[in-house]
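# Geometric and topological summary
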Amino acid sequence: TDFGFRTVAREEKQAMVANVFHSVAAKYDVMNDLMSFGIHRIWKRFTIDCSGVRRGQRVLDLAGGTGDLAAKFSRMVGDQGQVILADINDSMLKMGREKLRDLGIVGNINYVQANAEALPFPDNYFDCITISFGLRNVTDKDKALRSMFRVLKPGGRLLVLEFSKPLLEPLSKAYDAYSFHVLPKIGELVVKDPDSYRYLAESIRMHPDQDTLKGMMDAAGFENVSYFNLTGGIVALHRGFKF
Ligand code: SAM
């Protein structure tokens with residue numbers, strides 16, 4: 001039946017995403033720097049600058065992986081604040097926890113294994129939620145956005161940093177060629193796993209464009225949703241509020 005097919009496809013996607021991140025966890029950070037020429041640091045810096053996070057606040061870094069954003073938030077919220085790094089994948093969580101502990105980031109940060117589609121937190125709990133290069137991997141994105149809306153406090157904000165649609169056709173073509181031909185090669189050389197990076201290229205192409213994602217955030221209940229294109233729309237930062 002149709003239902004049966006959807007169930008299989010759903011489980012397959014979840015299993016595939018799990019394999020990808022178990023496989024790349026150990027080399028995840030170095031791959032990010034290689035593949036983006038270090039530019040992911042600038043995209044993340046911009047996200048932090050748009051977060052409005054202050055001392056004493058509670059922040060969820062969802063699909064937080066190796067914790068680049070969580071590390072910065074931990075310093076921003078201080079002793080009275082709290083940061084939760086949540087990720088579905090225990091290999092990525094482990095890498096994140098070890099990295100942050102080595103950086104001396106302890107005390108106001110907790111690690112939770114959780115699926116973005118069914119967040120194990122109370123209603124109206126966080127001042128800010130970030131999901132950086134994570135939403136693309138989630139099977140039911142609408143469900144995940146509703147779950148984020150639920151756990152956000154009134155007055156809180158969601159920031160979604162994600163690959164998007166390049167604004168100009170030549171950039172789009174060059175970028176497609178890069179992601180389908182160069183990324184799997186880098187994956188093969190560094191993690192001996194070209195398939196994981198083939199998945200990456202495909203997931204980028206399939207991900208909703210700027211206006212579609214904005215519409216999805218509107219539909220989940222977010223208000224004043226806007227987005228900022230970064231690097232010609234290769235990446236976009238979406239922001240929405242819960243009032
Ligand atoms: N946020 C980090 C960053 O920007 O570097 C990590 C991004 S990494 C590309 C994507 C992360 O999403 C992985 O750690 C993966 O385990 C996680 N993920 C995938 N599906 C998820 C889900 N349904 N719920 C929570 N995390 C998920």
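Parameters at a glance
- Residues numbered from 1 in each chain as written.
- Predicted model: local features only at pLDDT ≥ 70, side-chain atom pairs only at ≥ 80, totals over all residues.
- Helix = DSSP H or I, 4+ residues; strand = E, 2+ residues; numbered from the N terminus.
- Rg over C-alpha atoms; globule rule 2.2 N^0.38 Å.
- Buried ≥ 20, exposed ≤ 12 C-beta atoms within 10 Å, placed from the backbone.
- Contact = placed C-beta atoms within 7 Å.
- Near = placed C-beta within 6 Å.
- Nonpolar A, V, L, I, M, F, W, Y, C, P; charged D, E, K, R; others polar.
- Pairing = 2+ DSSP bridges.
- Right-handed = clockwise from strand over helix to strand, strands pointing away.
- Axes fitted to C-alpha atoms, helices over the stretch in contact; angles between N-to-C directions.

### Overview of the overall build of the protein
Along its length, the protein carries nine helices and seven strands. For 243 residues, the compact-globule estimate of 2.2 N^0.38 gives 18 Å, and the C-alpha radius of gyration of the protein, at 17 Å, lies within 12% of that figure. Of all 243 residues assigned to the protein, the portion counted as buried reaches 41%. A separation threshold of at least 6 residues defines the contact pool for the protein, and within that pool the share at least 24 residues apart is 69%.

### Topic: the site of the ligand
Around the ligand sit 18 residues, and of these A63, G65, N89, A116 and S132 come closest. The residue inventory of the shell around the ligand, partitioned by class, reads eight nonpolar, seven polar and three charged.

### Things to note about the pairing of strand β5 (residues 152-163)
Within β5, nine of the twelve residues are buried, which leaves the element mostly enclosed by the surrounding structure. Judged from the six bridges that link them, strand β4 (residues 126-132) and β5 form a sheet pairing that is parallel. Considered in β5, the bridge of I131 is made with V160. With respect to chirality, the unit in which β4 leads through helix α6 (residues 141-151) into the neighbouring parallel β5 is right-handed.

### Observations regarding the sheet that holds strand β2 (residues 82-87)
The seven strands are arranged β3-β2-β1-β4-β5-β7-β6 in an open sheet whose pairing can be described as mixed. For this open sheet the edge positions go to β3 (109-113) and β6 (223-230), each flanked by a neighbour on one side alone. Each neighbouring strand pair of the sheet contributes to a mean axis angle of 15°, computed without reference to strand direction. By the bridge criterion, five bridges tie β2 to β3 in an arrangement that is parallel. Directly across from I84, in β3, lies its bridge partner N110. Seen against the sheet, helix α5 (residues 90-102) touches β2 and β3 and runs at an angle of roughly 170° to β3.

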